Amino acid sequence: MSFPEQRPRRLRRSPAMRRMVAETRLHPADLILPVFVREGLTEPVPISSMPGVVQHTEASLLTAAEEARDLGLAGIMLFGIPTTRDAQGSAGLDPQGILNRSIRAVKDRVGEDLVVMSDLCLDEFTDHGHCGLVDEAGEVDNDATLEVYAEMGVAQAEAGADVVAPSGMMDGQVAVIRQALDEAGHQHVPILAYAAKYASGFYGPFREAVDSQLKGDRKQYQMDAPNRTEALREVELDLAEGADMVMVKPASAYLDILSDTAAISDVPVSAYQVSGEYAMIEAAAANGWIDRRTVITESLIAIRRAGATNVLTYYAAEVAGWLREELAGSRGSASASSAQTPPSAPAHPPIEPRRPTASTRPADQPRTDAGFPPVS
Ligand code: PBG
């Protein structure tokens, strides 16, 4: 027997071999696209700190939703930006407000073929930019905010949201929203809880994206970066309050939190690759310092490997396009950096848009499985 006896490199020798032994894969149905729709626009407006991402008009939003559906994405997450704001965030409650009417319009357009989710938070709608109501002492009033969230959740469900996603990190928010939905006859509308959401500098570009009015920070309600055990407490509380899915956010700098969460959660776990994560990749790629496609793919694989069932990412549509291209071609490596279809490529059937179903990944399968759902 020659030395070395063990040669793990044998399984890395070709793209086909690496594909066979890959423990984690990406699929379009793993990806959720966050989208911004801004009231009063006549043209989409680029977000300078997020090259390639725009604030949509109400019309261009529908095109983006159709594209997301045709690509077989898991869903889209809608953020609305109103023309007028007030201290109460009234525009978020108004059934005719930008977010609620956009939910309705998108739902009318894509029907049951795409999961339409809505951000359930006040920060886009308040003139002070906080996620809740601010009391006389200048503090974000947890319990007063809960009543508003309850009403907002019902308004979003009434507009047709398939999933509501409370992101404000108020204590008790999942329970009050669940109760309000149930009382209003929306027992079937799931809650995706931003359970472990950290006060993060990685949200920087999002402030431009939603024209945020915030001065200061959200450290009194979002989690503190040093804390890991506390994240489990937040996740457990949200599960006890009835969360149907839980989220960790941001993603890349919090993969330990994601891994911990996946280990204890018996519901699907989402991770949000946030605006700053996107911006850093774009900036480095634009400088030629990293290979854009390789790093985007690697970043998403890492998030899935850490335990995410699905990933919210501004790259969702682009990456889904790559995945389709790779599967349609003869070179199916998820890390292929230029997957052009050779002229003689066998005619594999194209990926049909998948109807997202609850059965995509059985709950008893490990979260880091290689479970690549069928592509038709
Ligand atoms: C709050 C919300 C934020 C993001 C998503 N929902 C901002 C914040 O908490 O400060 C950030 C998303 C991103 O940075 O991409 N409604």
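Details of the structure are given in the entry above.
Residues numbered from 1 in each chain as written. Predicted model: local features only at pLDDT ≥ 70, side-chain atom pairs only at ≥ 80, totals over all residues. Heavy atoms only, no water.

(A) Region of interest: the overall build of the chain. Looking only at helices and strands, the chain features 11 helices and 10 strands. When each of the 376 residues of the chain is scored for burial, the buried share is 51%. The long-range fraction of contacts in the chain, counting pairs at least 24 apart against all pairs at least 6 apart in sequence, stands at 74%. (Helix = DSSP H or I, 4+ residues; strand = E, 2+ residues; numbered from the N terminus. Buried < 20%, exposed > 50% of the residue type's maximum accessible area, 1.4 Å probe, protein only. Contact = heavy atoms within 4.5 Å.)

(B) Spatial organisation of the pattern of salt bridges. On inspection of all chains with the given rule, the structure shows 16 salt bridges. Here D70 and R69 are joined by a salt bridge, their closest N and O atoms 3.1 Å apart. Residue R69 is classed as buried on the basis of its relative accessible area of 19%. The partner of R228 in a salt bridge is D260, with the nearest N and O atoms 2.8 Å apart. With R228 in the loop between helix 6 (204-209) and helix 7 (229-240) and D260 in helix 8 (residues 255-264), this pair connects stretches of sequence that are 32 residues apart. Note on D260: relative accessible area 18%, which makes it buried. Linked by salt bridges that have partners in common, R38, R85 and D211 make up one network. (Salt bridge = Lys/Arg side-chain N within 4 Å of Asp/Glu carboxyl O.)

(C) Structural detail: unusual backbone geometry. In this model, F3 is joined to P4 through a cis peptide bond whose omega is -5 degrees. Note on placement: P4 falls in the segment before helix 1 (15-21). The amide bond that connects K249 to the next residue, P250, takes the cis arrangement and shows omega of -10 degrees. Examined against the element boundaries, P250 turns out to sit in the loop between strand 8 (245-249) and helix 8. Of note, M169 is a non-glycine position whose phi angle comes to about 60 degrees, a positive value. Accessibility expressed as a relative area gives 7% for M169, which makes it buried. One non-glycine residue, D211, lies in positive phi territory at about 55 degrees.

(D) Geometry of the site of the ligand. Near the ligand lie 17 residues; those nearest to it are D123, R218, K249, S275 and Y314. Within the side chain of R207, one N or O atom sits 2.9 Å away from an oxygen atom of the ligand. In the complex, 100% of the free accessible area of the ligand, which totals 400 Å², lies under the protein chains. Looking at the shell around the ligand residue by residue, the class counts come to 7 nonpolar, 3 polar and 7 charged. (Near = heavy atom within 4 Å. Polar contact = N/O pair within 3.5 Å; in protein donor to acceptor, adjacent residues only side chain to side chain. Areas by Shrake-Rupley, 256 points an atom, 1.4 Å probe, with all protein chains shown as cover. Nonpolar A, V, L, I, M, F, W, Y, C, P; charged D, E, K, R; others polar.)

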